[in-house]
Amino acid sequence: GAVVSQHPSRVICKSGTSVKIECRSLDFQATTMFWYRQFPKQSLMLMATSNEGSKATYEQGVEKDKFLINHASLTLSTLTVTSAHPEDSSFYICSAIRSLNTEAFFGQGTRLTVV
Amino acid sequence: AQTVTQSQPEMSVQEAETVTLSCTYDTSENNYYLFWYKQPPSRQMILVIRQEAYKQQNATENRFSVNFQKAAKSFSLKISDSQLGDTAMYFCAFGLLKTSYDKVIFGPGTSLSVIP
């Protein structure tokens, strides 16, 4: 199957700082990438849909200025959590779709801890 | 808007037995995709099986099979000969995937424990 790499897998940052998470499709060009947030023992909550070369589409209730998404190429999307606070601590997962009518492939996830 | 429901938060099964996980969804679309994803303790999401709505035949992948009832909007997963490695969270998911703006949304998940 296709490979999606997410980096870093774990990050600890101080409150008020920003942290960037990368999502790369290693062996295919992704038409669409998704960013999810997952709280312990809960499902994946879609944060935004990212298409290469265009602005991300954010879900209702997700702060655009706090969670900056950039999809600069067909193989890379980044999520930047700006001015992070402890309540932003969570598990963030990206996924990518190779083409329409195929399944989504997932990165390994990033555990963010804000102290 | 599409929704996905999984009514069983937790389930357990004896090793080598069969278990069925339930999923229902709501959509007004006619063509779409349904998925079952597995999330083991490593938290890596793994595709278990997918079903195209236009196909009447139920999808099968080795020990995993689905019962897709389009009219009832039901999509259950059957795991046969359960193994310890099947212990994980299982998420049912729905996707249109017709345009690059279509989402994949997930149900709340079912935590499956395989008991030795």
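Rules of the game
- Residues numbered from 1 in each chain as written.
- Chains lettered and ligands numbered in written order.
- Predicted model: local features only at pLDDT ≥ 70, side-chain atom pairs only at ≥ 80, totals over all residues.
- Heavy atoms only, no water.
- Disulfide = S-S within 2.5 Å.
- Helix = DSSP H or I, 4+ residues; strand = E, 2+ residues; numbered from the N terminus.
- Buried < 20%, exposed > 50% of the residue type's maximum accessible area, 1.4 Å probe, protein only.
- Pairing = 2+ DSSP bridges.
- Axes fitted to C-alpha atoms, helices over the stretch in contact; angles between N-to-C directions.
- Phe/Tyr/Trp six-rings, centres within 6.5 Å; stacked < 30°, edge-to-face > 60°.

(A) Here's a closer look at the state of the cysteines. One pass over the full model with this rule turns up two disulfides over all chains. Each sulfur in the disulfide pair Cys23 of chain A and Cys94 of chain A lies 2.0 Å from the other. Every disulfide takes its handedness from the sign of the S-S torsion; for Cys23 of chain A and Cys94 of chain A that torsion is 80°, giving right-handed. With Cys23 of chain A in strand 3 (residues 19-25) and Cys94 of chain A in strand 9 (residues 90-97), this residue pair connects regions lying 71 residues apart in the sequence. In terms of burial, Cys23 of chain A and Cys94 of chain A fall into one category: buried. In this model, Cys23 of chain B is linked to Cys92 of chain B through a disulfide, with the two sulfur atoms separated by 2.0 Å. On the sign convention where negative means left-handed, the S-S torsion of about -70° between Cys23 of chain B and Cys92 of chain B marks this disulfide as left-handed. You can see Cys23 of chain B sitting in the loop between strand 3 (19-21) and strand 4 (24-26) and its partner Cys92 of chain B sitting in strand 10 (residues 88-95), a full 69 residues away along the chain. No disulfide involves Cys13 of chain A; its sulfur sits 18 Å from that of Cys94 of chain A, the nearest cysteine.

(B) Geometry of the pairing of strand 10 of chain B. Residues and elements named next belong to chain B. Counting buried positions along strand 10 gives eight out of eight residues, so the element sits mostly inside the fold. Here strand 10 runs beside strand 12 (residues 110-115); their pairing, made up of three bridges, is antiparallel. Bridge pairing in strand 12 places Tyr90 opposite Thr110. The pairing of strand 10 with strand 11 (residues 104-106) spans three bridges and is classified as antiparallel. Within strand 11, the residue paired with Phe94 across the bridge is Ile105.

(C) Main features of the sheet that holds strand 8 (residues 76-81) of chain A. All names here are of chain A. Spatially, the four strands line up as an open sheet ordered 1-3-8-7, and their pairing is antiparallel. With one partner strand each, in any of the chains shown, strand 1 (4-7) and strand 7 (67-73) form the two edges of the open sheet. Across this sheet, the average inter-strand angle for adjacent strands is 15°, counted without regard to direction. By the bridge criterion, five bridges tie strand 7 to strand 8 in an arrangement that is antiparallel. Residue pairing for strand 8: Leu68 is matched across the bridge by Thr80.

(D) The arrangement of unusual backbone geometry in detail. That bond from His7 of chain A to Pro8 of chain A is cis: its omega, 0°, falls within 30 degrees of zero. Checked against the element boundaries, Pro8 of chain A lands in the loop between strand 1 and strand 2 (10-13). Backbone geometry places Asn62 of chain B, a non-glycine residue, at a positive phi of 55°. On the basis of relative accessibility, which here comes to 76%, the residue Asn62 of chain B falls in the exposed class.

(E) Spotlight on the packing of aromatic side chains. A complete count under the given rule lists 15 aromatic pairs over all chains for this structure. Their ring planes at 35° and their centres at 6.1 Å tell us that Tyr25 of chain B and Phe94 of chain B sit as a pair that is tilted. Placement of Tyr25 of chain B in strand 4 and of Phe94 of chain B in strand 10 is noted, with a sequence separation of 69 residues between them. Tyr25 of chain B gets classed as buried once you look at its relative accessible area, which sits at 5%. We classify Phe94 of chain B as buried; its relative accessible area is 1%. What links up through ring pairs into an aromatic cluster is the set Phe34, Tyr36 and Phe106 of chain A together with Phe35, Tyr37, Phe91 and Phe106 of chain B.

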